[in-house]
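# Coordinate inspection notes
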Amino acid sequence: MKLVKIDGVVVCDNVFWRGYIAMLEELPPEHLDLIFWKSANSCVKLLGVMEQSGKKNPSKGLLQSEELYQYLLETSVYPREPEPLKELRDITATHPKAVMATAPDAGQLMDMLLRLVNAKKTIEIGVFTGYSLLLTALSIPDDGKITAIDVDRQAYEMGLPVIRKAGVEHKINFIESQALPVLDKLLEEHENEGIFDFAFVDADKVNYKNYHERLMKLLKMGGIVVYDNTLRGGTVAMPEELVAENLRENRRLTIELNNFLAADPRVQICLAPLGDGITICRRSPLGSKGSPRLHVSDIGNIGKRTCFVFYKRRRLALGISELLGEASCWRVMGESAKKTTVYKGLLKNEELYQYILETSVYPREPEPLKELRDATAAHPRAIIATAPDAGQSIDMLLKLVNAKKTIEIGVFTGYSLLLTALSIPDDGKIIAIDVDRKNYEIGLPIIRRAGVEHKINFIESQALPVLDKLLEDHENEGSLDFAFVDADKGNYKNYHERLMKLLKVGGVVVYDNTLWHGTVALPEDLVEELVDGEYKKEMRKHIMELNKYLATDSRVQICVAPLGDGITICRRIY
Ligand SMILES: C[S@@+](CC[C@H](N)C(=O)[O-])C[C@H]1O[C@@H](n2cnc3c(N)ncnc32)[C@H](O)[C@@H]1O
């Protein structure tokens, strides 16, 4: 590791997180004002280490820099945070354990999910001062109900005056108790089975799997459970010996949970690096698309343990989730780590990104998509393909809006197109537009073999005239359930204006590359002009403009997630 001090600033070249940690331990604190860190993918990363401690919402350390996290909060989250939530966040900041509160960026995604499933009956395990509870209460309708459980009423009482003032206390049934007996009590009444739309779990990690088992009965099909802290400050991707001793047990439990959820065929999942990492699980029928790429032949219990019996590539494997340690579970369901996905640099290190891919994304990626990803890897511009982690969230969103009619702007070799085609029903339709058919033809044989070509209407054209043509026919207004935009950044705002007419109310549009390798949070003079054939500086300007524009557009609810190269999810409100 090379450390150089220039004008009081410590500059460190080619350090991976291993060196980074060692470096922080070695250096006296007065040297830690600014560290520039040049990583393998030639994107300069800026770490404001000392500044972090003074922030009201310091990042939980998942992203490439504190600046990127603050950019996300200040551009997209805070401007839309309802006043009572902000007040509750400020009160919580005075609590000695303020770090436990749900992060506002994770909160914004939860709000989106609550509205997408039209949540009315929800469960919250782990209330603390009530940030996620209040956001849920503000999101659900006036006759909605939240069963909120925490062992400690004192912290809840810090937030209670704000909840009262916001006029939503009547939606909350706060129970001061251990959560397990409350869930078991609910399950004694058969009519409670399958009646909850949504659950949020942010409590004792040791019980997450027990909560999951109960929630699989309490949630309705299509209902959502969100688990918090599933990336644990990134420690899940670190070798144990590099993790502070007091964090090891939670790291171990989190790794176990992640493996368990990745193998659970009862849910479709998405692991997103928001807050401290959240895992979204959508309860779906056994054997449906989006469940692990394992053929589940049986599911049952041995004693209190849940067992999955599955085949993989014609070999029978018996995976007893609770009996398997992380290594053996991995062996049963893991993919060998082939790097066919280009890391876009948003997270604190590539290891964390690979962890998400290998734990939650690749094991569930349908075979044709994997094939298309491999075929794309040989393309000289493979970097522009939609990232599989972003793809997994798109698949979740498609399901949540029951998408049938969709549009895609920017097809390239067809990764996002194929995943959409696999996700929508057999009579679903996708209008897919790209100026270049040649690349689409790389993926086409795979799309054909997957038996989904009939859902696709590929149009080789500039996208704007196609959208304008669609809008000439009034019948097309409000006809689309979903749109994915991943093309020329300079036109995103033009696409948005058209899509606000073509999408139905409640429909979703996802924009790709909205964090642009993290350069949105870098000073302009640190951004390289041209990288891998992309005009970084110019695109950054377009993207930053778009982010500001979307943040103030009242026609949509938004959520920015650092998946792939950053995606912005917009749900049309009116
Ligand atoms: C980032 S790639 C799309 C990646 C794709 N979503 C995937 O899953 O791999 C961008 C694509 O947008 C196309 N494109 C650029 N400008 C366009 C325009 N004005 N209209 C239509 N397509 C355009 C490019 O040809 C390129 O294939």
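Residues numbered from 1 in each chain as written. Predicted model: local features only at pLDDT ≥ 70, side-chain atom pairs only at ≥ 80, totals over all residues. Heavy atoms only, no water.

## Here we look at the pairing of strand 7 (residues 172-176)
Successive side chains on a regular strand alternate, one facing one side of the sheet and the next facing the other. We count it as follows: Two strands pair if DSSP finds at least two bridges between them. Under the DSSP-based scheme used, a helix requires at least four consecutive residues in state H or I and a strand at least two consecutive residues in state E, with every element numbered from the N terminus. By convention a crossover is right-handed if, when the strands point away from the viewer, the path from the first strand over the helix to the second runs clockwise.
In this sheet, strand 7 lies alongside strand 6 (residues 145-150) in parallel orientation, the contact comprising five bridges. Residue pairing across strands places D150 opposite E176, the latter belonging to strand 7. Following the chain from strand 6 across helix 7 (residues 153-165) to the adjacent parallel strand 7, one finds a crossover that is right-handed.

## Thoughts on helix 4 (residues 83-92)
An α-helical turn contains 3.6 residues, so a residue and the one three or four places further along point in the same direction. Selection criterion: Working definition: with a 1.4 Å probe on protein chains only, accessible area under 20% of the residue-type maximum means buried, over 50% means exposed, and in between means partly exposed. In this description, one arc is meant: the one made by directions from the helix axis to the C-beta atoms. Contacts are assigned to residue pairs with any non-hydrogen atoms lying within 4.5 Å of each other.
Along helix 4, the residues that are buried comprise L85, L88, R89 and T92. One face of helix 4 carries all of its buried residues, which in axial projection span an arc of 100 degrees. Packing partners of the buried residues in helix 4 comprise helix 5 (104-116), helix 6 (131-139) and helix 7.

## Quick look at the confidence of the model for the chain
Caution applies to low-pLDDT regions: their predicted coordinates should not be interpreted in detail. In plain terms, the rule: A residue's pLDDT is the confidence the predictor assigns to it, expressed on a 0 to 100 scale.
Per-residue confidence for the chain gives a mean pLDDT of 84; residues scoring 70 or more make up 80%. Scored below 50 in pLDDT, residues 290-337 makes 105 contacts in the model with residues more than four places away or belonging to other chains.

## Concerning the site of the ligand
We count it as follows: Residues are counted as near a molecule or strand when any one of their heavy atoms sits within 4 Å of it. In the analysis that follows, any N or O atom pair within 3.5 Å is treated as a polar contact, provided that within protein one partner can donate a hydrogen and the other can accept it, and provided that, for residues neighboring in sequence, both atoms belong to side chains. By the convention adopted, Pro, Cys, Tyr, Trp, Phe, Met, Ile, Leu, Val and Ala count as nonpolar, Lys, Arg, Asp and Glu as charged, and the other residues, Gly among them, as polar.
Around the ligand, 19 residues are found, and the nearest of them are I384, T386, S416, D434 and Q462. Take S416: an N or O atom from its main chain is 2.9 Å from an oxygen atom of the ligand. Between a nitrogen atom of the ligand and a main-chain N or O atom of A463, the distance comes to 3.0 Å. Taken together, the residues that form the shell around the ligand break down as ten nonpolar, five polar and four charged.

## Brief notes about the state of the cysteines
Here is the rule: The disulfide criterion used throughout: a pair of cysteine sulfur atoms within 2.5 Å.
For the structure on display, the rule yields zero disulfides. Free cysteine C270: the closest other cysteine sulfur is in C281, separated by 9.6 Å.

## A closer look at the pattern of salt bridges
Cut-off, in case you're wondering: Salt bridges are defined by distance alone: a side-chain nitrogen of Lys or Arg within 4 Å of a carboxyl oxygen of Asp or Glu.
In total, this model carries 29 salt bridges according to the counting rule given. In this structure, E249 and R252 form a salt bridge, with 2.8 Å as the shortest nitrogen-oxygen distance. Of this pair, E249 and R252 both sit in helix 10 (residues 245-263), three residues apart, which is roughly one turn of the helix. Overall, E249 belongs to the partly exposed group, its relative accessible area being 43%. Between E453 and R448 there is a salt bridge; the shortest N-O distance is 2.9 Å. Overlapping salt bridges bring together K209, E249, R252 and E256 as one network.

## Let's talk about the sheet that holds strand 16 (residues 429-434)
Put simply, the rule reads: For helices, the fitted axis covers only the stretch in contact; all axes are lines through C-alpha atoms, and the angles between them, taken along N-to-C directions, range from 0 to 180 degrees.
In spatial order, the strands read 17-16-15-18-19-23-22; together these seven strands make up an open sheet with mixed pairing. Strands at the two margins of the open sheet, each flanked by one partner only, are strand 17 (456-460) and strand 22 (556-561). For this sheet the average axis-to-axis angle between neighbouring strands, irrespective of direction, equals 15 degrees. On the sheet, helix 18 (residues 492-502) packs against strand 15 (405-409), strand 18 (480-485), strand 19 (503-512), strand 22 and strand 23 (567-572) and is oriented at approximately 160 degrees with respect to strand 19.

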